[in-house]
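Listed below, chain by chain, are the residues.
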Amino acid sequence: MSVSTAAVAQTVCAPLPVLGRHVTVPLVTGGEVGYAALDYAASAPALQRVWDDVAAYAPYYGSVHRGAGYLSQLSTDLFENARRTVAEFLDCRPDDQLVFTRSTTDSLNLLAAALPAGCQVFVFETEHHASLLPWKDARVTCLDAPRTPGQAVAALESALAGRDPHGPALVCVTGASNVTGELWPVRELAAAAHAHGARIVLDAAQLAPHHPVSVRDLDVDWVAFSGHKLYAPFGSGVLAGRADWLRAAEPYLAGGGASRKVTRRQDGGVDVEWHESAARHEAGSPNVIGAYSIASACKALTEAGFDTLVAREQYLVEKVRTGLARVPEVRVLSLFGDDAPRVGVISFVVDGWNSSHFAAALSAEYGIGVRDGLFCAHPLVRTLLGSDPRSQGECGAPDAAPGEKSLNAIRVSFGAGTPDEHVDRFVTAVRELVTEGAKWTYRTEDGRCVPAV
């Protein structure tokens, strides 16, 4: 441990209280152990603060925007105040719109539906499928995985220089990789996009839970993220940014709430006047609890202080990386190298082990929950693993194509609610599994590696 990290260990705060911190799970070897939730990159546990706020509001739940009763008025105020709170959390510009959606995936599909005709989209192959796949109706240029942040900026500038300068263009980029945890040069990519007349949307799903995100400071045109990764797992998400493309687009969903005025025509049809506000893309009864939970999480993270949260997380990152580095059979996956700044997301493979088998043993024998597979970022993981042969072990990868059973990895991820003991147990478990082997036998069932009964 470095001197600076040792000093941080003495000063960082305790983990934020989250639901599930007292849950115990059975082990195949006998007994029970406190569950070590180390799959934050998939879904983070709810902050206790979020759960308490939602529970306090629940008896007052009412319809939003169209009710005259007291509870409807209270719920409407709550919903719109949540919008303002999240906009402040993101440091949005005064004329930005913030639309509540279901998730990051939903947010980016909404933006894809709002693209002007003829828009060209530029996206790296390193993106999560949520930001790689929604652009099916646009002209898409997919850029190769860069090996340094500088290469990413240079590749984007080169691609943009060759585009039609008169048509609209959009760049989509992640803030932090859901595979490697590495931070991307968002501010520099935004500058490159704007220099060539393009706009940029930031997928902040893995960034917002770990670092402050300022729309103005990063100079991005839109930002998207999910509540369930921000300690608010109530089926909600956010798209925030420039209003003009959203106002000009047809509503994402047609229905009540999106319409300002509907009239019958003599020919039997209907004419519709749509809202120009965020309501244009929020048809139907909104998820007020989901929106409120995101706002609650934003307040909790802000009050805890991102400087403190980042310092503690980096302390945990170094603990995990140092521990894995002491096991020669472990190879950590990286695009930008060991010195690249990153959030608490680390993926790796282990010589002699199929990743699904290794993850199953971590769960069944140590009570540790991690993720294995391709992490909805298939092109990136395939690029990082290449054709390097790995032993398939006893179990196959859950979603591998024929001939690709070795192309899966293990991902450990953590955040503001992770106690030291969870990462310490994880590092110990990795070392013991590699040096001593699994204590149990495993088999494949319905595509998953599970303990044999």
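Residues numbered from 1 in each chain as written. Predicted model: local features only at pLDDT ≥ 70, side-chain atom pairs only at ≥ 80, totals over all residues. Heavy atoms only, no water.

Caption draft 1: How the structure looks around the overall build of the protein chain. A tally of regular secondary structure across the protein chain gives 14 helices and 19 strands. Its C-alpha atoms give the protein chain a radius of gyration of 23 Å, within 12% of the compact-globule value 22 Å for 453 residues. A fraction of 72% describes how many contacts in the protein chain between residues 6 or more apart in sequence connect residues 24 or more apart. Accessible surface computed for the protein chain: about 19,000 Å², of which carbon and sulfur atoms make up 52%. (Helix = DSSP H or I, 4+ residues; strand = E, 2+ residues; numbered from the N terminus. Rg over C-alpha atoms; globule rule 2.2 N^0.38 Å. Contact = heavy atoms within 4.5 Å. Areas by Shrake-Rupley, 256 points an atom, 1.4 Å probe, with all protein chains shown as cover.)

Caption draft 2: Spotlight on the pairing of strand β5 (residues 120-124). The buried count for β5 comes to five of five residues, which makes it a mostly enclosed element. What you see with β5 is no split at all: Q120, F122 and F124 on one side and V121 and V123 on the other are buried throughout. The pairing of β5 with strand β6 (residues 139-143) spans five bridges and is parallel. Its bridge partner lying in β6, Q120 is registered against R139. (Buried < 20%, exposed > 50% of the residue type's maximum accessible area, 1.4 Å probe, protein only. Pairing = 2+ DSSP bridges.)

Caption draft 3: Main features of the packing of helix α6 (residues 149-161) against helix α7 (residues 186-195). In the contact formed by α6 and α7, the axes pass within 9 Å of each other and the chain directions differ by 15 degrees. Comparing their axes, α7 and α6 come out roughly parallel. Helix-helix and strand crossings are classified by hand; for α6 and α7 the assignment is right-handed. Of the residues in α7, those in contact with A152, V153, L156, E157 and L160 of α6 are E188, L189, A192 and A193. (Axes fitted to C-alpha atoms, helices over the stretch in contact; angles between N-to-C directions. Parallel < 35°, antiparallel > 145°, perpendicular 65-115°, else oblique. Left-handed = near helix turned anticlockwise from the far one by under 90°.)

Caption draft 4: Region of the structure containing the nonpolar core. Counting 85 residues, the largest nonpolar core has V86, L90, L156, L202, V213, F225 and V238 as its most contacted members. By residue number, the principal contributor to this core is helix α10 (residues 288-304), which donates nine residues. Of all hydrophobic cores here, the second largest spans 34 residues; its members include L38, V330, L433 and V434. (Core = buried A, V, L, I, M, F, W, Y, C linked by side-chain atoms within 4.5 Å.)

Caption draft 5: Layout of the sheet that holds strand β13 (residues 330-332). Pairing is antiparallel across the open sheet formed by four strands, whose spatial order is β13-β14-β17-β16. On the outer flanks of this sheet lie β13 and β16 (371-373), each paired with one strand and no other. With direction set aside, neighbouring strand axes in the sheet form an average angle of 30 degrees. With three bridges connecting them, β16 and strand β17 (residues 409-413) associate as antiparallel partners. What sits directly across from G373, in β17, is A409. The strands touched by helix α11 (residues 306-325) are β13, β14 (345-350) and β17; relative to β14, the strand with the most contacts, the crossing angle is about 10 degrees. With respect to the sheet, helix α12 (residues 355-366) is in contact with β14, β16 and β17, its orientation differing from that of β14 by roughly 115 degrees.

Caption draft 6: Inspection of the environment of L239 at higher detail. Looking at the secondary structure, you find L239 in strand β10 (residues 237-241). Between the C-alpha atom of L239 and that of V99, which follows or precedes it by 140 residues, the distance is 5.2 Å. Among residues more than four places away in sequence, those in contact with L239 are Q97, L98, V99, T101, S107, L110, L111, W222, V223, A224 and L246.

Caption draft 7: Summary view of the side chain of Q120. Assignment of secondary structure puts Q120 in strand β5. At a separation of 3.1 Å, a polar atom in the side chain of Q120 contacts the side chain of T141. Beyond its immediate sequence surroundings of up to four residues, Q120 is in contact with R139, T141, R163, D164, P168, A169 and L170. (Polar contact = N/O pair within 3.5 Å; in protein donor to acceptor, adjacent residues only side chain to side chain.)

Caption draft 8: Representation of unusual backbone geometry within the structure. A positive phi angle, near 55 degrees, is found at D91, a position not held by glycine. Along the chain, D91 falls in the loop between α3 (70-89) and β4 (97-101). Phi at F375 takes a positive value of approximately 60 degrees, unusual for a residue other than glycine. Of note, F375 is situated in the loop between β16 and α13 (378-385). A relative accessible area of 8% places F375 in the buried class.

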